[in-house]
Amino acid sequence: MKKILFIIAAALMVIGCQQKNAKVDVKAESERLFANLEAAYDPELTTDELGYMVEQTMDSVYMLLKANMGAPYSDSLFLDVYNYLTVEQQDELMAVMPEEMKQSEVMAPLFKALQAKNATAPGKPYIDFTALTPNGEEISLSDLVGKTDYVLVDFWASWCGPCRRLIPVLKEMYMSHPKGHLQIFSCSLDQDEAAWRKALDEEQMPWIQVREDDEHGGAGLYGVQFIPHTVLIDKEGNIVGTNLDEAELETILLGE
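Rules and cut-offs
Residues numbered from 1 in each chain as written. Predicted model: local features only at pLDDT ≥ 70, side-chain atom pairs only at ≥ 80, totals over all residues. Heavy atoms only, no water. Helix = DSSP H or I, 4+ residues; strand = E, 2+ residues; numbered from the N terminus. Buried < 20%, exposed > 50% of the residue type's maximum accessible area, 1.4 Å probe, protein only. Contact = heavy atoms within 4.5 Å. Areas by Shrake-Rupley, 256 points an atom, 1.4 Å probe, with all protein chains shown as cover. Salt bridge = Lys/Arg side-chain N within 4 Å of Asp/Glu carboxyl O. 1 Å grid on protein atoms, 1.4 Å probe; cavity = no way out; pocket = protein on both sides within 12 Å on 5 of 7 lines; lining within 4 Å. Points joined across faces, edges and corners; volume = space filled by probe spheres on them. Nonpolar A, V, L, I, M, F, W, Y, C, P; charged D, E, K, R; others polar. Polar contact = N/O pair within 3.5 Å; in protein donor to acceptor, adjacent residues only side chain to side chain. Axes fitted to C-alpha atoms, helices over the stretch in contact; angles between N-to-C directions. Parallel < 35°, antiparallel > 145°, perpendicular 65-115°, else oblique. Left-handed = near helix turned anticlockwise from the far one by under 90°. Disulfide = S-S within 2.5 Å. Patch = residues over 30% accessible without salt bridge, like charges linked within 9 Å, V, L, I, M, F, W, Y side chains within 5 Å. Arc of directions from axis to C-beta.

Draft legend 1. Examining the overall build of the chain more closely. The helix and strand tally for the chain stands at 10 helices and seven strands. Dimensions of the chain, computed from C-alpha atoms along their principal axes, come out at roughly 60 × 45 × 35 Å. For the chain, with 256 residues in total, the buried portion stands at 44%. Within the chain, contacts between residues at least 6 apart in sequence are counted, and of these 69% link residues at least 24 apart. Total accessible area on the chain stands at roughly 13,700 Å², and carbon and sulfur atoms take up 53% of it.

Next up, the structure:
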């Protein structure tokens, strides 16, 4: 099985390399790549083997786009695979994208979000923003950073199932650490204020709650495209990680 996977991956990479030399039919070539992936699927494949096949296919799609960005269908393909590309690949494709395409109605928000994501990547200083508490008072992220060892910003919404399932995990984490070690700053993207308040009553989260509106919030500044979206900030104001899983968070919080 591994030999078959190697042959498939090698074939996909060869196709990708050939695309650097001449313009091709992007739609037809991408359909061929995905058809190869589908044909190679086997229910006996392990998760790692399947992941490897998908990764190799996406690498070939990336090379196809890099060599042909601006060609017909390249914008549609880019949008289709955007969330499967690494941030580095997204950056490189945006760099070779014609300016007219980059500023299009569909692509401009992605370009803006990617710039925000890069500006708030791990190792970068946090970006301050202000949002509203349930009492209608303004509170800023800068009011919290430096007061505890870590601040976890959690962008969420009442209608987001994964966000609601994350809350018990955050509760356990929050309660397991001594006061002054971890603060959580939950920023809701709810447009329906009543739904947000109902969720607060149901969840009873013992940390700071705020909500974005047209004049307040930070989701755009942090390039949030999906929620939950979390950002861990240390006492010095540096971003330690984004969208870390529970084990990664605990490792950092425990200083391991």
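Picking up after the structure, the text goes on.
Draft legend 2. Region of the structure containing the pattern of salt bridges. Taken as a whole and assessed by the stated rule, the structure comprises nine salt bridges. As a salt-bridge pair, Lys27 and Glu31 come within 2.6 Å of each other at their nearest N and O atoms. One end of the pair is Lys27 and the other is Glu31, both in helix α2 (residues 26-40) and four residues apart, which spans about a single turn. By relative accessible area, Lys27 is classed as partly exposed at 38%. Where Arg164 meets Glu202, a salt bridge forms, and the shortest distance between an N and an O atom there is 2.8 Å. Here Glu202 lies in helix α9 (residues 193-203) and Arg164 lies in helix α8 (residues 161-176), a separation of 38 residues in the sequence.

Draft legend 3. Here's a closer look at the layout of surface pockets. Looking at the largest pocket, its volume works out to about 340 Å³. Val87, Lys117, Gln225, His229 and Asn243 are the residues nearest the centre of the largest pocket, which is lined by 18 residues in total. Among the residues making up the lining of the largest pocket, the classes are represented as eight nonpolar, nine polar and one charged. Put simply, the second largest pocket is a space of about 150 Å³. Lining the second largest pocket, in full, are Leu189, Asp190, Gln191, Arg211, Glu212, Asp213 and Asp214. By residue class, the composition of the lining of the second largest pocket is one nonpolar, one polar and five charged.

Draft legend 4. Focus on the side chain of Asn68. With respect to the helices and strands, Asn68 occurs in helix α3 (residues 47-68). Classification of Asn68 by relative accessible area gives buried; the value is 1%. From its side chain, Asn68 meets the backbone nitrogen of Val24 in a polar contact 3.2 Å long.

Draft legend 5. Local environment of the packing of α8 against α9. The interhelical angle for the contact between α8 and α9, taken along N-to-C directions, is 40°, at an axis separation of 12 Å. When the axis of α8 is compared with that of α9, the two are oblique. Here α8 runs over α9; the crossing is right-handed. For the pair formed by α8 and α9, the contact residues are Arg164, Ile167 and Lys171 on the first element and Ala199, Glu202 and Glu203 on the second. Residues that form the contact of α8 with α9 fall into these classes: two nonpolar, no polar and four charged.

Draft legend 6. Expanded view of the state of the cysteines. Applying the stated rule across the entire model yields one disulfide. With no disulfide of its own, Cys187 lies closest to Cys163 among cysteine sulfurs, the gap being 12 Å. For Cys187, a relative accessible area of 0% translates into the label buried.

Draft legend 7. Fine view of a nonpolar patch on the surface. Nonpolar side chains collect at one region of the surface, where Tyr41, Leu50 and Val54 lie side by side and expose about 240 Å² of accessible area between them. Take Tyr41: it is sitting in the loop between α2 and α3. The class for Tyr41 is partly exposed, based on a relative accessible area of 48%.

Draft legend 8. Fine view of helix α10 (residues 246-253). Among all positions of α10, only Leu249, Glu250 and Leu253 are buried. Along the axis of α10, the buried residues cluster in a sector spanning 95°; they form a single face. Where α10 begins, the capping side chain belongs to Asp245, and its oxygen is found 3.2 Å from the backbone nitrogen of Ala247. Among the residues trailing α10, Gly255 stands out with phi positive, at a value near 70°.

Remember that the coordinates give geometry; whether it matters functionally is a separate question.
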